[in-house]
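Tertiary structure, described
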Amino acid sequence: MTSPAAVIVLAAGAGTRMRSTTPKVLHRIGGRTLVGHVLATARGLAPDHLVTVVRHERDAVVAHIAEVDPGVVIADQDDVPGTGRAVQCALDALDAATDRPVEGAVVVLAGDVPLLDTGTLVALLEAHEADGNAVTALSTEVDEPSGYGRIVRDADGGVAAIVEEKDATAEQRAIREINASIYVFDAAALREGLGSVGRDNAQGEVYLTDVLALARESGKRVAAIIAEDSILVEGVNDRSQLALLGAELNRRTVHQWMLDGVTVIDPATTWVDVDVELAPDVTLLPGTQLHGATVVAGGAVIGPDTTLTDVEVGEGATVTRTHGTLAVIGPNATVGPFSFLRPGTVLGERGKIGAYVETKNAEIGAGSKVPHLSYIGDATIGEHTNIGAATVTLNYDGSQKHRTTIGSHVKIGGDTMLVAPVQVGDGAYTGAGAVLRRDVPPGALAVTSGTQRNIDGWVTSRFPDSPAAQAAAAAEPPTEQHGVDE
């Protein structure tokens, strides 16, 4: 198969049935927008040119396309409605970009068909080239064809026409083979047909499907290839279809990872975006969600009930009941349960972030531990340091963030408050309850609390009738009695 001269993606529609302020093609499944999925599939064909037609919420769609594929040519559809007009606008934009008319095969895709894969398009292109067709459409058969254009075939099995439902007869509406709105055109036949297409139809639009009828009338070959897996060509028109295709995409993604050597305990509750990378022998426990560009190395165990977005997990690490974003977890490290890793967290090899710990913009060295009930933000911690329970790096002075630096082999006592900017040297200790506002030299013990003083009888004198006073009185040892001999 030779690469197509161009791929045109139609993304101009309003998508009113989504009932959303977000353009339909920018809704997401599997970590990508609908149009992002289609553009990735199109790039798999290695076309000479890739163009997307836009109109509704044009600026938002164009900005997104520039992020995911800066090489896409943008074509603006004018006020003339219809898919045929959209393709004509795309050809005009391509001609302007290349300074000459595009020649060869032109693939046309809908921007809301996210499960379509490159392999299906390769088969369509190969059939188009092998048979010397002017137009080759992709179709599929469904039990309920309502709402779709029908493929009308002649007695020899060739494509006589594609009829939109609003223009179809009762007999044509009974046809179960539907148009998937995915085509390969010979560029010359496409230009010729678009030059002759009118708007004499129920919707007053320029139908791209009319080009097929015109090509057939002029004696050119027109064919349709049936996709056996109909969900691959299903588009998204409402939130229900978005959820349906999202679940199916995830099912296929998780299934493929299992075939590649990943253990998934409960596929029904495991969600993995399409850009996630998993090594063999990773284990995903129930309730795991892996999003974005998350990468998990071999032997790591993720979950249960863990959500990671753009997180790197090292070999043999364990992450339990954790929410993490833009973080790095080193080899054989442990995280969780109930940990919150915010952006900029880097945990070293065999390090630990334990229960009810929040970290942000924090580098925690190899073998160091933040076991429980702490906040470590804007901090650097060396190697083999232990952070006691309820420790807080106080990084914000009301207007600016400051950094805390803790060395290696340090022991931070429980309930220590580190008022940044502050440094604790290698091998230093802090006493429980310390509030550190000055640097601690290496090997020093930092304490800030005074000598303990007990005021006897304070509760009984202040609250004599309280349950606490009664409990205290009951706990006091009996007073020794000294009698007089009679």
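Residues numbered from 1 in each chain as written. Predicted model: local features only at pLDDT ≥ 70, side-chain atom pairs only at ≥ 80, totals over all residues. Heavy atoms only, no water.

With that out of the way, let us pick up the environment of V152. Along the chain, V152 falls in strand β8 (residues 150-153). Sequence separation of V152 and N395 is 243 residues, and the distance between their C-alpha atoms is 70 Å. Contacts of V152, omitting those with residues within four sequence positions, involve G158, V159, A160, A161, V163, Q172 and I175. (Helix = DSSP H or I, 4+ residues; strand = E, 2+ residues; numbered from the N terminus. Contact = heavy atoms within 4.5 Å.)

Further remarks concern unusual backbone geometry. The omega torsion across G336 and P337 is 5°, close enough to zero to call that bond cis. With respect to the secondary-structure elements, P337 resides in the loop between β24 (334-335) and β25 (339-341). In the segment running from A420 into P421, the intervening peptide bond is cis, with an omega of 5°. Along the chain, P421 falls in the loop between β33 (417-419) and β34 (422-424). The phi dihedral of D378 is positive, around 50°, even though this residue is not glycine.

The subject of this paragraph is the packing of aromatic side chains. Evaluation of the coordinates by the stated rule reveals three aromatic pairs. Centre to centre, the rings of Y183 and F185 are 5.5 Å apart; their planes meet at 40°, and the pair counts as tilted. With respect to burial, Y183 and F185 carry one shared label: buried. Between W458 and F463 the ring centres are 6.0 Å apart and the planes differ by 75°, which places this aromatic pair in the edge-to-face class. According to the relative accessible area criterion, F463 is partly exposed, its value standing at 42%. A cation sits over an aromatic face here: K401 above Y396, 5.8 Å from the ring centre. (Phe/Tyr/Trp six-rings, centres within 6.5 Å; stacked < 30°, edge-to-face > 60°. Buried < 20%, exposed > 50% of the residue type's maximum accessible area, 1.4 Å probe, protein only. Lys NZ or Arg CZ within 6 Å of the ring centre and 35° of its normal.)

On to the nonpolar core, then. If you look at the biggest cluster of nonpolar residues, it comprises 45 residues, and the most contacted ones within it are L278, L284, I302, V313, I329 and V424. Mapped onto this core, the elements with two or more residues apiece are α8 (239-259), β27 (352-364), β28 (369-381) and β34. Every residue in contact with L284, bar those within four places of it in the chain, is listed here: V262, T263, V264, I265, T270, V272, L278, L290 and I302. Listed in part, the 37 residues of the second largest apolar core include V51, A93, I151 and F185. (Core = buried A, V, L, I, M, F, W, Y, C linked by side-chain atoms within 4.5 Å.)

Turning to helix α6 (residues 187-194), its buried residues are A187, A189, L190, G193 and L194. Each buried residue of α6 lies within a common arc of 165° when the element is viewed along its axis, so the set occupies one face. Taken together, the buried residues of α6 touch α3 (83-98), β6 (105-110), β10 (177-186) and α7 (210-217). (Arc of directions from axis to C-beta.)

On to a nonpolar patch on the surface, then. Taken together, the side chains of I455, W458, V459 and F463 present a nonpolar region at the surface, about 370 Å² in accessible area. Checked against the element boundaries, V459 lands in helix α9 (residues 458-462). (Patch = residues over 30% accessible without salt bridge, like charges linked within 9 Å, V, L, I, M, F, W, Y side chains within 5 Å. Areas by Shrake-Rupley, 256 points an atom, 1.4 Å probe, with all protein chains shown as cover. Salt bridge = Lys/Arg side-chain N within 4 Å of Asp/Glu carboxyl O.)

Interaxial distance between α3 and α6 falls to 11 Å at its minimum, and their mutual angle equals 125°. In terms of their interaxial angle, α3 and α6 are classed as oblique. Where α3 crosses over α6, the two elements pack in a sense that is left-handed. On α6, the residues touching G84, V87, Q88, L91 and D95 of α3 are L190, R191 and L194. Taken together, the residues of the contact of α3 with α6 sort by class into four nonpolar, two polar and two charged. (Axes fitted to C-alpha atoms, helices over the stretch in contact; angles between N-to-C directions. Parallel < 35°, antiparallel > 145°, perpendicular 65-115°, else oblique. Left-handed = near helix turned anticlockwise from the far one by under 90°. Nonpolar A, V, L, I, M, F, W, Y, C, P; charged D, E, K, R; others polar.)

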